[in-house]
There are 2 protein chains.
Amino acid sequence: MATFAMQSLGCEVAALNTVHFSNHTGYKQVKGTKATAQEIRDLYQGLQQSYLTDFDILLSGYAPSAAAVEAVGEIGLDLQRKAEKKPGSFFWILDPVMGDQGRIYVNEDVVPAYKKIIHHADLILPNQFEAELLSGIKITSLHTLAEAITAIHKTYSVPHIIVTSVQLTTLDHSASTTAPPSTLTIIGSTTKSDGTPRLFRVDVPALDCFFSGTGDMFAALTVARLREAVFSADPALRHTKSWVSPDSVPATELPLAKATVKVLASMHSVLENTMKARDEELRNSAAGADEEPIEVNEEARQKREHLRRTKAAEVRLVRNVKFLRDPVAKFEVQAWSE
Amino acid sequence: MATFAMQSLGCEVAALNTVHFSNHTGYKQVKGTKATAQEIRDLYQGLQQSYLTDFDILLSGYAPSAAAVEAVGEIGLDLQRKAEKKPGSFFWILDPVMGDQGRIYVNEDVVPAYKKIIHHADLILPNQFEAELLSGIKITSLHTLAEAITAIHKTYSVPHIIVTSVQLTTLDHSASTTAPPSTLTIIGSTTKSDGTPRLFRVDVPALDCFFSGTGDMFAALTVARLREAVFSADPALRHTKSWVSPDSVPATELPLAKATVKVLASMHSVLENTMKARDEELRNSAAGADEEPIEVNEEARQKREHLRRTKAAEVRLVRNVKFLRDPVAKFEVQAWSE
């Protein structure tokens, strides 16, 4: 998902796979292998020994153990060290994959491992639950959400944050007047020089379907769109450490805000078309169901139905690639102060 | 290389990586892991248990051991078995990666392992040396090349063959009158119902540079273009086992011939642009060479130079993707009878 999304926006990608699975975990059963920390280190050393580490951007995502998170951290640090003399020549986007919806789905020691490396990242992309884990603040309102972002900026000195898929309606009753229940809100922020956040929000219509891999799609598209926005801003910005815009740039004019709007527009079209294709596939497979043996056992029937629905909801990325390159949906970015 | 090439032509790809290396082997040093036969089997079982094996096409390439070749063979056979009742609904393209330029670069037991599975494949893509290994015929002339292809059709009952990058000029002096020395010839054939070949050839200008991964690019583009050519032919063809055209279709009108012309056109533009980019990169890195420590040791200096030249020649696929989708070069296919 991430590799193809970046490639279709023109990035040459060296993919270091931290797992090699038969399918995504939404199927609730999977076979395959996880990379050990040593394997991750070896691959990076392979790149080093042949002088192949001249990367502009590192996107790090799911790592299958605390040791693997550490190994990825070492890679990020090494790339940063090499770029020290050329501020802005390297940028690290870190997706701290730890859990969702109140549940940690990695080993518990992965959380402290992330806490150790995050202060080296330039942009992190936690979901609401991961933002809680990192900030130590329970997000129950718009106020506590802003507090959590402020705390993450401060605690980890991370200059850019995007909190993906916040359901404001469940957070704060007052929000429901501006955002209908079927709306997802994405909140982002780039710090000012005093460390305070510049908050922006983008509301997008929520789709009534669970898709796997949307976090990776978001991260991958953000890689390409953020770089593009920085390169079309004041030329000084691309030579500024961590691409932090001067304080005079308002939240809605931040490259991060501009990138987010484009990323969400691409994703909305891809997912809308995926949902249409899913519905059609489910209709067709129901019609052709007599080709399959009927499961007599209720548990087996339910499992088969879950697999069928999960496959039908696989994101149709390749056939909708035009929406990655040329987003058509139009979303608005608003400055946000709680 | 193969995954992105197929994806950019609209294929949804499930990539089962048989190796996970830091770089291609042209660098002459590499770190990473090879999949065991068991790992390959496990991944496929993972797909099976979640009903994810409804593939139209299998492209199999490099496998790191004889046991891995066997495991890939089992996958091909299983997919074929599932499609038995619907002729033409599954097609297996097999690239028998064993060696090049007179040298076997896999374990010796990989050769007999390939010989066992090739008779199940629909299309194989040997280079000149691999065609010799499979046919047991030393290719020293146009005559022996035709003999080798005829023998492969017959021995393995493979309906389609493309022999990639034949240097006819080194094979047969008489050929040099039609093909200048800087020409590569690609020879293909689809059998007639009596098992005899229908031979065609395409001559393309050779580029003076060694590129890694062109075999994978050729195979991947052939997947998409062959399917496209079959689907725009007589509708009966796509329901015919192995997509073998009726005897009335001449060599130059074969879907395989039409696909080959498009594939070579795409590749020529990608590689021509890669060569330009390489030359520029080599000029720039020579100019900026003072940034690097000077190797005092001659051996170290030569190694560093090899790595620099190999990196500079990395195929620029992502930025030339438009040539994959819309080939501009025009090559001609000729019927060929030696």
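- Going by what an unreviewed UniProt entry lists, chain A is known as pyridoxal kinase and is assigned to Paecilomyces lecythidis.
- Recorded under Sequence similarities (unreviewed entry), the UniProt text for chain A is reproduced unchanged: "Belongs to the pyridoxine kinase family."

Overview of the interface of chain B and chain A
Thought 1: Taken residue by residue, the interface counts 39 residues in chain B and 40 residues in chain A.
Thought 2: For the pair chain B and chain A, the two sides together bury roughly 3300 Å², of which 55% comes from carbon and sulfur.
Thought 3: On the chain B side of the interface with chain A, the three residues burying the most area are His 20, Tyr 51 and Val 318 of chain B, jointly 18% of the side's total.
Thought 4: At the junction of chain B with chain A, the criterion picks out 4 salt bridges.

Some points on the environment of Gln 38 of chain B
Thought 1: Relative to the assigned elements, Gln 38 of chain B resides in helix H2 (residues 37-49).
Thought 2: The sequence separation of Gln 38 of chain B and Ala 67 of chain B amounts to 29 residues, and the corresponding C-alpha distance is 8.7 Å.

Quick word on the side chain of Thr 18 of chain A
Residue and element names in this part refer to chain A.
Thought 1: Among the structural elements, Thr 18 can be located in the loop between helix H1 (2-8) and strand E1 (19-21).
Thought 2: Residue classification places Thr 18 among the buried positions, given a relative accessible area of 14%.
Thought 3: Polar side-chain contacts of Thr 18 include one of 2.7 Å to the backbone oxygen of Tyr 62.
Thought 4: With residues up to four places along the chain from it excluded, the contact list for Thr 18 reads Lys 34, Ala 35, Ile 40, Tyr 62, Ala 63 and Pro 64.

Things to note about the packing of helix H3 (residues 66-83) of chain B against helix H4 (residues 110-117) of chain B
Residue and element names in this part refer to chain B.
Thought 1: The contact between H3 and H4 brings their axes to 8 Å, and the two run at 10 degrees. In this view, H3 runs roughly parallel relative to H4, as classed from their interaxial angle. When the axes of H3 and H4 are compared, the crossing they make is right-handed. Contacts between H3 and H4 pair Ala 66, Val 69 and Gly 73 from the former with Val 110, Ala 113, Tyr 114 and Ile 117 from the latter.
Thought 2: Residue composition of the contact of H3 with H4, by class: 6 nonpolar, 1 polar and no charged.

A word on the relation of the copies chain B and chain A
Between the two chain copies there is a screw-like relation: a rotation about an axis and a shift along it.
Thought 1: With an RMSD of 0.0 Å, the fit of chain B onto chain A corresponds to turning through 180 degrees and sliding 0.0 Å along the axis. Considering both components of the superposition, the chain copies are consistent with a two-fold axis. Residue Phe 4 of chain B of chain B places its C-alpha closer to the rotation axis than any other residue of that unit, at 3.5 Å.
Thought 2: Most of the interface of chain B is mirrored in chain A: 97% of its interface residues are interface residues there too.

Quick notes on helix H8 (residues 214-231) of chain B
Residues and elements named next belong to chain B.
Thought 1: Spanning 18 residues, H8 covers 26 Å between terminal C-alpha atoms, matching the ideal 26 Å at 1.5 Å per step.
Thought 2: The principal kink in H8, of about 25 degrees, is found at Thr 222.
Thought 3: Inspection of H8 places Met 217, Phe 218, Ala 219, Ala 220, Leu 221, Thr 222, Val 223, Ala 224, Arg 225, Leu 226, Ala 229 and Val 230 among the buried residues, and these make up the whole buried set.

A word on empty space enclosed by the protein
Residues and elements named next belong to chain A.
Thought 1: Taken as a whole, this structure holds 1 cavity of 30 Å³ or more when the rule is applied.
Thought 2: Each pocket or cavity is described by its volume, and for the largest cavity that value is around 30 Å³.
Thought 3: Lining the largest cavity we find Ser 60, Gly 61, Ala 63, Val 69, Val 72, Leu 94, Tyr 114 and Ile 117.
Thought 4: Going through the elements one at a time, helix H3 (66-82) and helix H4 (110-117) are the ones with two or more residues in the lining of the largest cavity.
Thought 5: The class makeup of the residues in the lining of the largest cavity is 6 nonpolar, 2 polar and no charged.

Parameters and conventions
Residues numbered from 1 in each chain as written. Chains lettered and ligands numbered in written order. Predicted model: local features only at pLDDT ≥ 70, side-chain atom pairs only at ≥ 80, totals over all residues. Heavy atoms only, no water. UniProt positions renumbered as here; feature names shortened; annotations may be inferred. Contact = heavy atoms within 4.5 Å. Buried area = accessible area lost by both parts, 1.4 Å probe. Salt bridge = Lys/Arg side-chain N within 4 Å of Asp/Glu carboxyl O. Helix = DSSP H or I, 4+ residues; strand = E, 2+ residues; numbered from the N terminus. Buried < 20%, exposed > 50% of the residue type's maximum accessible area, 1.4 Å probe, protein only. Polar contact = N/O pair within 3.5 Å; in protein donor to acceptor, adjacent residues only side chain to side chain. Axes fitted to C-alpha atoms, helices over the stretch in contact; angles between N-to-C directions. Parallel < 35°, antiparallel > 145°, perpendicular 65-115°, else oblique. Left-handed = near helix turned anticlockwise from the far one by under 90°. Nonpolar A, V, L, I, M, F, W, Y, C, P; charged D, E, K, R; others polar. Least-squares fit on C-alpha atoms with pLDDT ≥ 70 in both. Expected span 1.5 Å × (residues − 1). Bend = angle between axes of the 7 residues up to and from the residue. 1 Å grid on protein atoms, 1.4 Å probe; cavity = no way out; pocket = protein on both sides within 12 Å on 5 of 7 lines; lining within 4 Å. Points joined across faces, edges and corners; volume = space filled by probe spheres on them.

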